[in-house]
Amino acid sequence: MMGPPWSRQPPAKLRAGSQGRAGQGAAGPPSARGQAGLLPSSGGRGGGRQRGAGGGCCPGRAGRPFHVCKRRRTPRPTRAAFLAAPMAFRARGWRPPPPPLLLLLLWVTGQGAPVAGLGSDAELQIERRFVPDECPRTVRSGDFVRYHYVGTFPDGQKFDSSYDRDSTFNVFVGKGQLIAGMDQALVGMCVNERRFVKIPPRLAYGSEGVSGVIPPNSVLHFDVLLMDIWNSEDQVQIHTYFKPPSCPRTIQVSDFVRYHYNGTFLDGTLFDSSHNRMKTYDTYVGIGWLIPGMDKGLLGMCVGEKRIITIPPFLAYGEDGDGKDIPGQASLVFDVALLDLHNPKDSISIENKVVPKSCERISQSGDFLRYHYNGTLLDGTLFDSSYSRNRTFDTYIGQGYVIPGMDEGLLGVCIGEKRRIVVPPHLGYGEEGRGNIPGSAVLVFDIHVIDFHNPSDSISITSHYKPPDCSVLSKKGDYLKYHYNASLLDGTLLDSTWNLGKTYNIVLGSGQVVLGMDMGLREMCVGEKRTVIIPPHLGYGEAGVDGEVPGSAVLVFDIELLELVAGLPEGYMFIWNGEVSPNLFEEIDKDGNGEVLLEEFSEYIHAQVASGKGKLAPGFDAELIVKNMFTNQDRNGDGKVIAEEFKLKDQEAKHDEL
């Protein structure tokens, strides 16, 4: 009798050892107090109860969380109730007015006889029409059973049926609550077994019968289907059918868990399933949020473990059921798979997988990290991975840019280190979760630190070799030729001039390389070898170089300086190596027409350089330098220079060329 999703109101607390009332049968929710089905929203940072939503065992009380429903009092039996009661019921010592079926309930007091074919009394005949393949338990005297039946006379006329009431018959066996024939016929039955029972009059209602209902000396036929067995001495039964090889932690009282389950009755009828809702059931254990049997049955489980928990009704929903889908006096079977486990007092846990032998620096609050990670739930379900995006996750640590557990777990790492960080939900995404991360989920991050730096870092220079004569050092304006290998901090090679077979040539201080490289090449002598480490704010910054250098990457350059050509003084693109002719304009104006064209100017400058009388700034395009010098002299921009326009640098400080 399945209905809408389970009430979010908590079902009634149960009295231990409660016994059934004959003829009762109800239906209701599963093993939780205070949540939808077995699946509430988590509350607090460690998960919690569902607030709001009405229905369940306390209709009309929506929005009042955590209350416990009061048990409804069972009304005194009426004549109509007895007319609806099963014919097999019997109670001693009561003398009410004589409606016909009431007489049926009070008749026989005889001793039980053996089952025909299974004992010595051939009058009681039992036909086992269906016996299940598995029968872990059979009915014994003193057990409580729930069963369906159809009662007929030998001619097939029906006189009673539990199916017509849509409720099982619930009763103790062997305690005089049934006619003697039925008390004996039920012994030895399995759940889901079907028996056809022929009961003679002396083991039924005898020579008197029940006036108007069962004639005297009637043989009664019962078609019985057993649904449930339990005993008041039963305890919770646990059968673990899968346990993971590694079990570092088990459920303890006050832990918060996330699990999937199927809830069935003993006959296999499904009454609820978290799988159908595609959402785990999230709850605390051992603090009264669950029915007592479930509280006990979950203790000691590992994440990944699967077990079957069988709960007798007095540790579940007792004699009243839940008023909806679980009948009174029903044993419950939960097939549970534990996905997650934590305690609100948990902090993060760190397991170092790989720690480099050399660890010159560890991360601190305020550092900027680049790392790869796989993010999984405790059961191994992958929810995110930087590897799948082929890009590191880049962030500051200790400043609230990541969840608190990761902020803490990323402190103290080395470059190249691999570690596992387990983050409880109150230090992760809490009860709400995020995206495909469920609420109240423990998170597992397997990280690999690629690099880190601090915004206050400058470049780092380590000199590995200097030649004996290292007196001439590089400076701004010098023209350098050098080889290099460029890599990331984790050793990933980005570029190499050695592989290309040619040097890299620059003018130092001219902006031809990133600022950190410009700084790293200064005061270096020819033949020297050094390693320069450049933080991203002195390298390629947050953007990096598409397809070549990752954003925010620390760069490592292994450099060897091969050649150094001294540059010109700062601000000059051409200098004279000797005295400047006092008739410089006339020497340039070879045709003597008082005008110098670009061709004349260029020819003259190149001649001075060739003769050693002048020098152009090294490392630049000579023609471009000469053209710029001419343009600076051609002050009116008419394409020619006259004597009045022509000035040397000491005559016109704002010009660099002469």
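Residues numbered from 1 in each chain as written. Predicted model: local features only at pLDDT ≥ 70, side-chain atom pairs only at ≥ 80, totals over all residues. Heavy atoms only, no water.

## Some points on the overall build of the protein chain
The condition is simple: The helix count covers DSSP runs of H or I at least four residues long, the strand count covers runs of E at least two residues long, and both are numbered beginning at the N terminus. For this analysis, residues touch if any pair of their heavy atoms sits within 4.5 Å. In short, Shrake-Rupley with a 1.4 Å probe defines the accessible areas, and a residue's cover is counted only from the protein chains shown.
The helix and strand inventory of the protein chain stands at 12 helices and 26 strands. For the protein chain, restricting intrachain contacts to residue pairs at least 6 apart in sequence, the fraction spanning at least 24 positions comes to 71%. Only carbon and sulfur atoms are counted for the fraction: they give 51% of the accessible area of the protein chain, which is about 30900 Å².

## Here we look at the UniProt feature "domain: EF-hand" (unreviewed entry) in the protein chain
Under the convention used in this document: UniProt positions are given in the numbering used here, feature names are shortened, and annotations may be inferred rather than shown by experiment.
The UniProt record marks residues 576–611 and 621–656 with the feature "domain: EF-hand" (unreviewed entry), using the residue numbering of this structure. With 53% helix and 3% strand, residues 576–611 has its two end C-alpha atoms placed 11 Å apart.

## A closer look at helix α12 (residues 622–633)
The test is simple: Take the number of residues in a helix, subtract one, and multiply by 1.5 Å to get its expected span. Polar contacts, as used here, are pairs of N or O atoms within 3.5 Å; protein pairs need one atom able to donate a hydrogen and one able to accept it. Residues neighboring in sequence count only if both atoms are side-chain atoms.
With 12 residues, α12 ought to run about 16 Å at 1.5 Å a step, and its terminal C-alpha atoms sit 17 Å apart, in line with that. Where α12 is buried, its residues contact β25 (574–576), α11 (598–611) and β26 (614–616). Where α12 starts, the residue carrying a side-chain oxygen 3.0 Å from the main-chain nitrogen of E623 turns out to be D621.

## Let's talk about the confidence of the model for the protein chain
Low pLDDT means the predicted coordinates in that region are not meant to be read closely. Going by this rule: pLDDT: the predictor's confidence for each residue, scored from 0 to 100.
Across the protein chain, pLDDT averages 82, with 80% of residues at or above 70. Scored below 50 in pLDDT, residues 1–117 makes 342 contacts in the model with residues more than four places away or belonging to other chains. Low confidence marks residues 653–657, where pLDDT is under 50. Its contacts with residues over four positions away, or in another chain, come to 12 contacts.

## Focus: the pairing of strand β18 (residues 443–453)
Going by this rule: Accessibility here uses a 1.4 Å probe with only protein chains present; expressed as a share of the type maximum, an area under 20% marks a residue as buried, one over 50% as exposed, and anything in between as partly exposed. In this description, strands pair whenever DSSP reports at least two bridges between them.
Of all 11 residues that make up β18, 10 are buried, and the element is covered over most of its length. Bridge count between strand β14 (residues 368–377) and β18: 10 bridges; the pairing is antiparallel. Its bridge partner lying in β18, H372 is registered against H448. Examined bridge by bridge, strand β17 (residues 418–423) and β18 share 6 bridges and lie antiparallel to one another. The residue of β18 that forms the bridge with I421 is F445.

## Some words on the packing of aromatic side chains
Formally: Only the six-membered ring of Trp is used, alongside the rings of Phe and Tyr, when aromatic pairs are assigned; centres must lie within 6.5 Å, and planes under 30 degrees apart are stacked while those over 60 apart are edge-to-face, with the rest tilted.
Within the structure shown, the criterion is met by 33 aromatic pairs. Judged by centre distance (5.8 Å) and plane angle (90 degrees), the rings of F159 and F222 are edge-to-face. You can see F159 sitting in strand β3 (residues 158–161) and its partner F222 sitting in strand β6 (residues 220–230), a full 63 residues away along the chain. Ring centres of Y373 and F393 lie 6.2 Å apart, and the angle between their planes is 90 degrees; on these two criteria the pair is classed as edge-to-face.

## Regarding α11
Between the first and last C-alpha of α11 there are 20 Å, a value that for 14 residues agrees with the 20 Å anticipated at 1.5 Å per step. Among all positions in α11, only E600, F601, S602, Y604, I605 and Q608 are buried. Those residues of α11 that are buried lie in contact with β25, α10 (584–588), β26 and α12. G612 lies just past α11 and shows a positive phi near 85 degrees.

## So, the environment of M517
Structurally, the position occupied by M517 is in helix α9 (residues 515–520). Taking the relative accessible area as the measure of exposure, M517 reaches 4% and is therefore buried. Expressed as a C-alpha distance, the spacing of M517 and V532, which sit 15 residues apart in the sequence, is 7.5 Å. Excluding residues that lie within four positions of it along the chain, M517 makes contacts with Y482, I534, F557 and I559.

## Some words on the environment of P535
The residue P535 is located in the loop between β23 (529–534) and β24 (555–565) in this model. With relative accessibility at 3%, the residue P535 sits in the buried group. For the pair P535 and V554, spaced 19 residues apart in the sequence, the C-alpha separation amounts to 4.7 Å.

## Considerations on the state of the cysteines
Filter applied, for reference: By definition, disulfides here are pairs of cysteine sulfur atoms that lie within 2.5 Å.
Counted under the stated rule, the structure contains 4 disulfides. The disulfide that involves C247 links it to C302, with 1.6 Å between the sulfurs. Its S-S torsion of about -85 degrees marks the bond between C247 and C302 as left-handed, since a negative value means left-handed. Pair noted here: C247 is in the loop between β7 (237–242) and β8 (256–265) and C302 is in the loop between α5 (292–298) and β11 (306–311), with a separation of 55 residues, a long-range link. Residue C302 is classed as buried on the basis of its relative accessible area of 1%. Disulfide partner of C470: C525, at an S-S distance of 1.9 Å. An S-S torsion of about -100 degrees defines the bridge between C470 and C525 as left-handed. Taken as a pair, C470 in the loop between β19 (460–465) and β20 (479–488) and C525 in the loop between α9 and β23 lie far apart in primary sequence, 55 residues in all.

## Examining the pattern of salt bridges
Pairing is possible between side chains that carry opposite charge, provided their charged atoms lie close to one another. Note the threshold: Put simply, a salt bridge is a Lys or Arg side-chain nitrogen that is within 4 Å of an Asp or Glu carboxyl oxygen.
Inspection of the entire model under this criterion finds 31 salt bridges. Here R202 and E123 are joined by a salt bridge, their closest N and O atoms 2.7 Å apart. With a gap of 79 residues between them, R202 in the loop between β5 (194–199) and β6 and E123 in the loop between α2 (100–106) and β1 (125–130) connect regions that are remote in the sequence. Among the residues examined, R202 registers a relative accessible area of 46% and is labelled partly exposed. For E123, a relative accessible area of 40% corresponds to the partly exposed category. The shortest N-O distance in the salt bridge between E595 and K640 comes to 3.0 Å. Residue E595 is found in the loop between α10 and α11, and its partner K640 is found in the segment after α12; the two are separated by 45 residues along the sequence.

## Re the packing of α11 against α12
Selection criterion: Structural elements are reduced to axes, namely lines fitted to C-alpha atoms, with helices fitted over the stretch in contact, and the angle between N-to-C directions of any two is expressed from 0 to 180 degrees. For classification purposes, angles smaller than 35 degrees are called roughly parallel, those larger than 145 roughly antiparallel, those between 65 and 115 roughly perpendicular, and all remaining angles oblique. In this scheme the crossing of two helices becomes right-handed for a clockwise turn of the near helix relative to the far one and left-handed for an anticlockwise turn of less than a right angle. Nonpolar residues are Ala, Val, Leu, Ile, Met, Phe, Trp, Tyr, Cys and Pro. Charged residues are Asp, Glu, Lys and Arg, and all others, Gly as well, are polar.
Viewed as axis vectors pointing N to C, α11 and α12 meet at an angle of 125 degrees, and their least axial separation amounts to 10 Å. Compared by their axis directions, α11 and α12 come out oblique. Judged by the twist between their axes, the crossing of α11 over α12 is right-handed. On the side of α11, the interface is formed by L598, F601, S602, I605 and H606, while α12 contributes A622, E623, V626, K627, M629 and F630. Class assignment of the residues belonging to the contact of α11 with α12 gives a composition of 7 nonpolar, 2 polar and 2 charged.

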